[in-house]
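Observations on the three-dimensional arrangement
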Amino acid sequence: MSITLHYFASLKESLGRASDSVDYLPNLTVLDVWALANQDQPLPNLILAAVNMDYVPLTSLVEDGDTVAFFPPVTGG
Amino acid sequence: MSITLHYFASLKESLGRASDSVDYLPNLTVLDVWALANQDQPLPNLILAAVNMDYVPLTSLVEDGDTVAFFPPVTGG
Amino acid sequence: MIVISENPFDPWQALQDYQTSAAMQGQYGATTVFVGTMRDFNDGDTVKSMTLEHYPGMTEKHLSNIIGDAKQRWAIIDSLVVHRVGDIYPDQPIVLVAVWAAHRGDACDACRFIIEALKSNAPFWKKEHLSSDQSRWVTHNSKGYLNTKVSD
Amino acid sequence: MIVISENPFDPWQALQDYQTSAAMQGQYGATTVFVGTMRDFNDGDTVKSMTLEHYPGMTEKHLSNIIGDAKQRWAIIDSLVVHRVGDIYPDQPIVLVAVWAAHRGDACDACRFIIEALKSNAPFWKKEHLSSDQSRWVTHNSKGYLNTKVSD
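Residues numbered from 1 in each chain as written. Chains lettered and ligands numbered in written order. Predicted model: local features only at pLDDT ≥ 70, side-chain atom pairs only at ≥ 80, totals over all residues. Heavy atoms only, no water.

**Details of the relation of the copies chain D and chain C**
What counts is decided by this rule: Copies overlap after least-squares fitting; the atoms used are the C-alpha atoms of residues with pLDDT of at least 70 in both. Contacts are assigned to residue pairs with any non-hydrogen atoms lying within 4.5 Å of each other.
Overlaying chain D on chain C yields an RMSD of 0.0 Å, the required transformation being a rotation through 180 degrees with an accompanying axial translation of 0.0 Å. Expressed as a symmetry operation, the mapping of one chain copy onto the other fits a two-fold axis. Interface overlap between copies: 98% of the residues of chain D at the interface are likewise at the interface in chain C, consistent with a symmetric, same-surface contact.

Here it is in structure tokens:
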């Protein structure tokens, strides 16, 4: 099984891709998932995270099959 | 010359008339004008006054030719 | 613009028309609107219709002062106030307040200020005609509470 | 109702249509509306167009949560939120928030809450295309200040 990652807006542009997939391992946090997909490149400042479309802290644990999204502060409306 | 009085809404209905006219005298207050037009019947509670379409305190002095309006609290909008 | 209207009006149509006619394209980023509509109930009674009395002349003067105050306090591009007078029936709009500004802080705060000031001070009086065929003057407006804390 | 729209919309037409279709006649006394429109300038630059990206699925879920929160806090009869995504040009509406309630305190407070929550948390991102042919991501929203003290 695996974890799906999505990137949005300026983060997507700077990474040069919109999504990733990493293998599931027990006890992964959101930040671990980022590191696995991005060769330990640090998460840029201010980036927010959502798991299965709900905001979560970066220390939140991830389950197998989860979708994790990373994006900059929102500017809609 | 004279002072014109206007009454509105429930006050107009209870008085049974929409306007009055009283002779001008020096040093009349808004409350004096009411008393002259209404045979010393006391001004009902909560009634507001305007002179020449601006809100004024009841103790405000009236000039010759002024229009004085009396009305209950407003309930528009 | 301030309009005192003896005839029913559609607030959305009025906004469409006014915005098309006013020369403010490209400038405004925020529009805030309040519409007060006649309900068929009030204070527990069924209301068939309402008669709205006003003080002609003072009404316009007073609304103009309120909008002048709002323009001094907030960066407003334009505003539109329409208020019905005369006989009004359920579902008919009574009042429309619209404010256009570059930023939402100005549009929202100014619109709120105008409707609250209008309700507190503008010389309009409502008389309700009930289903029991009795009539009564409305003696108070409902509260315009504000629980929202807004900063960002 | 929540609508994410790739096509331009007229907010006043949308309100007219929605209000006609929704079964709330006679109940609402207050409608408060906010419309955010694209300006042709921002932070001192002329803006030719804008691309609005969103996170499909999370956007709808999040807006639905915001409206749910508003319904818990205020006595709302109905609400309508429309948000554009994709390419947007000056003078085109970006967002519409409308709230219907019996009383204006609920309509005004809830509308303000929804637009502020949307701006703070809903997953939308704006990229501006300038007249210089440069593009830039918008990094902050303007303040939604509130100076009005409202009670009556």
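**What to know about the interface of chain D and chain C**
Heads up, the condition is: What gets called buried area is simply the loss in accessible area from a 1.4 Å probe that two parts show on being joined, summed for both. One speaks of a salt bridge when a side-chain nitrogen belonging to Lys or Arg is within 4 Å of a carboxyl oxygen belonging to Asp or Glu. Labels follow the DSSP assignment, with helices taken as runs of H or I lasting at least four residues and strands as runs of E lasting at least two, numbered in each case from the N terminus. Asp, Glu, Lys and Arg are counted as charged, while Ala, Val, Leu, Ile, Met, Phe, Trp, Tyr, Cys and Pro are counted as nonpolar; the rest, among them Gly, fall into the polar class.
Counting from both sides, the interface comprises 48 residues of chain D and, opposite them, 48 residues of chain C. The junction of chain D with chain C conceals about 4,800 Å² of combined surface from both sides, 49% of it contributed by carbon and sulfur atoms. Remark: the boundary between chain D and chain C carries 4 salt bridges. Residue Arg104(D) pairs with Glu116(C) through a salt bridge whose shortest N-O separation is 2.8 Å. Where the side of chain D that touches chain C is concerned, the elements lending two or more residues are helix H1 (11-21), strand S2 (30-37) and helix H3 (104-121) of chain D. Tallying contributions element by element places H3(D) first for the side of chain D that touches chain C, with 10 residues. The residue inventory of the side of chain D that touches chain C, partitioned by class, reads 17 nonpolar, 18 polar and 13 charged.

**Quick look at unusual backbone geometry**
Negative phi is the rule for most residues except glycine; trans is the rule for most peptide bonds. Residue and element names in this part refer to chain D. Where we set the bar: Working definition: with a 1.4 Å probe on protein chains only, accessible area under 20% of the residue-type maximum means buried, over 50% means exposed, and in between means partly exposed.
Unlike most non-glycine residues, Asp91 shows phi in positive territory, near 80 degrees. Along the chain, Asp91 turns up in the loop between strand S6 (86-88) and strand S7 (93-101). Take Asp91: its relative accessible area is 30%, and that puts it in the partly exposed class.

**Notes on the pattern of salt bridges**
A full pass over the atoms with the stated rule returns 20 salt bridges over all chains. Each of Arg104(C), Asp109(C), Arg112(D) and Glu116(D) takes part in a single network of salt bridges with overlapping partners.

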